[in-house]
Amino acid sequence: MSWLTRVRSRIPFVAKRDTPDNLWQKCKNCQEMLFTKDYEENLWVCPRCDDHGRIGADARLGQVMDPGYTVLPAPSVKEDPLKFKDSKRYSDRLKAARLGAPHPDALTHAVGRIDGRKAVVGVQDFGFMGGSMGMAVGDAFLAGVDRAVAEKCPYVIFTAAGGARMQEGILSLMQMPRTTVAIQRLKAAGLPYLVVLTDPTTGGVTASYAMLGDVQMAEPNALIGFAGQRVIQDTIREKLPEGFQRAEYLHAHGMIDMVVHRKDLRRTLADVIDYLMAARQAA
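Before going into details, it helps to say that this report is about the structure given with it. Worth saying up front: this structure is predicted, and the values here are computed from it rather than measured. (Residues numbered from 1 in each chain as written. Predicted model: local features only at pLDDT ≥ 70, side-chain atom pairs only at ≥ 80, totals over all residues. Heavy atoms only, no water.)

**Notes on the overall build of the protein**
Where we set the bar: The helix count covers DSSP runs of H or I at least four residues long, the strand count covers runs of E at least two residues long, and both are numbered beginning at the N terminus. The contact criterion used is simple: two residues touch if any of their non-hydrogen atoms lie within 4.5 Å. Calculation of accessible area relied on Shrake-Rupley with a 1.4 Å probe; when residues are assessed, cover is drawn exclusively from the protein chains displayed.
Secondary structure assignment for the protein yields eleven helices and nine strands. In terms of overall dimensions, the protein has C-alpha extents of about 90 × 45 × 45 Å along its principal axes. Of the contacts made within the protein by residues no fewer than 6 positions apart, 67% connect residues no fewer than 24 positions apart. Counting every atom, the protein has about 15400 Å² of accessible surface; 55% of that belongs to carbon and sulfur.

**Points about a nonpolar patch on the surface**
To keep it simple, the criterion reads: A patch consists of residues exposed above 30% relative accessible area that lack any salt bridge, with like charges linked at up to 9 Å and nonpolar side chains (Val, Leu, Ile, Met, Phe, Trp, Tyr) linked at up to 5 Å. Whenever Lys or Arg places a side-chain nitrogen within 4 Å of a carboxyl oxygen from Asp or Glu, that contact is recorded as a salt bridge. Exposure classes here rest on a 1.4 Å probe applied to the protein chains alone. A residue is buried below 20% of its type maximum, exposed above 50%, and partly exposed in between.
A cluster of nonpolar side chains, namely L23, W24, M33 and F35, defines an oily patch on the protein surface of about 380 Å² accessible area. Checked against the element boundaries, M33 lands in strand 2 (residues 33–35). Judged by relative accessible area, which is 42%, M33 ranks as partly exposed.

**Observations regarding the pairing of strand 4 (residues 107–114)**
For clarity, the cut-off: Pairing between strands is defined by DSSP: at least two bridges between them are needed.
Here strand 4 lies mainly inside the structure; seven of its eight residues are buried. Strand direction decides the pairing type here: strand 3 (residues 70–71) and strand 4, joined by two bridges, are antiparallel. Paired with T70 across the bridge in strand 4 is V111. Pairing geometry for strand 4 and strand 5 (residues 117–124), over eight bridges, is antiparallel.

**Re the sheet that holds strand 6 (residues 155–161)**
Selection criterion: Between N-to-C directions, angles cover 0 to 180 degrees, with each direction set by a line fitted to C-alpha atoms, over the stretch in contact for helices.
Spatially, 3-4-5-6-7-8-9 is the arrangement adopted by the seven strands of the open sheet, whose pairing is mixed. Each edge of the sheet is formed by a strand with only one pairing partner; in this case those strands are strand 3 and strand 9 (258–259). Helix 5 (residues 135–151) contacts strand 4, strand 5, strand 6 and strand 7 (193–201) of the sheet and is inclined by roughly 20° relative to strand 4.

**Observations concerning the nonpolar core**
Side chains of a nonpolar character, in soluble globular proteins, are inclined to be buried together. Formally: Among the buried residues, those of types Ala, Val, Leu, Ile, Met, Phe, Trp, Tyr and Cys that are joined through side-chain atoms within 4.5 Å form a nonpolar core.
Ranked by size, the top nonpolar core spans 37 residues in total, and within it F141, Y155, I157, Y193 and Y209 carry the most contacts. Of all the elements in the fold, those that place two or more residues in this core are helix 4 (90–99), strand 4, helix 5, strand 6, helix 7 (175–188), strand 7 and helix 10 (247–252). Top element by residues in this core is helix 5. It accounts for six residues. Excluding residues that lie within four positions of it along the chain, F141 makes contacts with L107, H109, Y155, I157, T179, A182, I183, Y193 and Y209.

**Quick look at the pairing of strand 7**
The element strand 7 is largely enclosed, with a buried count of nine among its nine residues. Of the strand pairs in this sheet, strand 6 and strand 7 are connected by six bridges, and their pairing is parallel. Pairing of T159 across the sheet is with L197, part of strand 7. Strand direction decides the pairing type here: strand 7 and strand 8 (residues 215–218), joined by four bridges, are parallel.

**Some points on the packing of helix 5 against helix 7**
Let me state the cut-off plainly: Angle categories: roughly parallel below 35 degrees, roughly antiparallel above 145, roughly perpendicular from 65 to 115, and oblique for all the rest. Polar here means any residue other than Ala, Val, Leu, Ile, Met, Phe, Trp, Tyr, Cys and Pro, which are nonpolar, and Asp, Glu, Lys and Arg, which are charged; Gly is therefore polar.
Axis separation between helix 5 and helix 7 bottoms out at 10 Å; the angle between their running directions is 5°. Judged by the angle between their axes, helix 5 and helix 7 are roughly parallel. For the pair helix 5 and helix 7, the contacting residues are M135, G138, D139, F141, L142, V145, D146, A148 and V149 in the first and Q175, R178, T179, A182, I183, R185 and L186 in the second. Within the contact of helix 5 with helix 7, the residues separate by chemical class into nine nonpolar, three polar and four charged.

**Some details on the side chain of S132**
In plain terms, the rule: Polar contacts, as counted here, are pairs of nitrogen or oxygen atoms within 3.5 Å of one another; within protein the pair requires one atom able to donate a hydrogen and one able to accept it, and residues that are adjacent in sequence qualify only if both atoms are side-chain atoms.
Take S132: it is sitting in the loop between strand 5 and helix 5. Classification of S132 as buried rests on a relative accessible area of 6%. Reaching out from S132, the side chain makes a polar contact with the backbone oxygen of M129 at a distance of 2.9 Å. At 2.7 Å, the side chain of S132 and the side chain of R165 are in polar contact. Excluding its chain neighbours within four sequence positions, the residues that come into contact with S132 are A106, V137, G163, A164 and R165.

Function cannot be read off these values alone, since they describe shape.
See below:
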């Protein structure tokens, strides 16, 4: 045994420290490497370029609602009604999506208060199959509206979706009229319906409940549209303006009412609820 081997064998073994894989995040806009803890404390907004990162339902509810809110149970729907299969079975895709997800589908609701104002809040999670709208999302939307009517309070929804869920075919498209009719129940009850459009909100979601709010808000630079920009350009054979389908462009052209920074959303929602509920009581 060599001298070096003898010395090494006498040194007590020190276990290698485990380093978490998620200490850093890369901003998708400016490519800056951000310390995850600082990024989270800044509400998942890049401190360098102000890009608003995509966040899940639990993070969103925690940011907007007062402590003590209650997450509502997800409605039970028939899964894989068409026995759909492409490169994978739809049932397998659902199982895979649920493995890393805290909730069983793309739309989650909670009832509680926003800066002291009672509200039912729904959040679409783009991380769950692109936030796509299927029967589970449609039923969850209706359940959220019913709870708001029962509680006599506003209904607030944060949208984030790639559109209808293709694996459910016409059944997913039928959620568009279903949710539209549900919004009429809110209006009949004289209750506010507030929409916050987040990045991205596209397809059949934009063509239905995402654009029917009494007040339409959006986060900065959120992508909002129906068809993709390339599809539109190829159809009309014209170059689209800079920033087309972004929140600021839609605000400048009267499609939405305001663009609100994430740090100001809670206060802004509370102010709008105060205004609309006061108008309801005065009527």
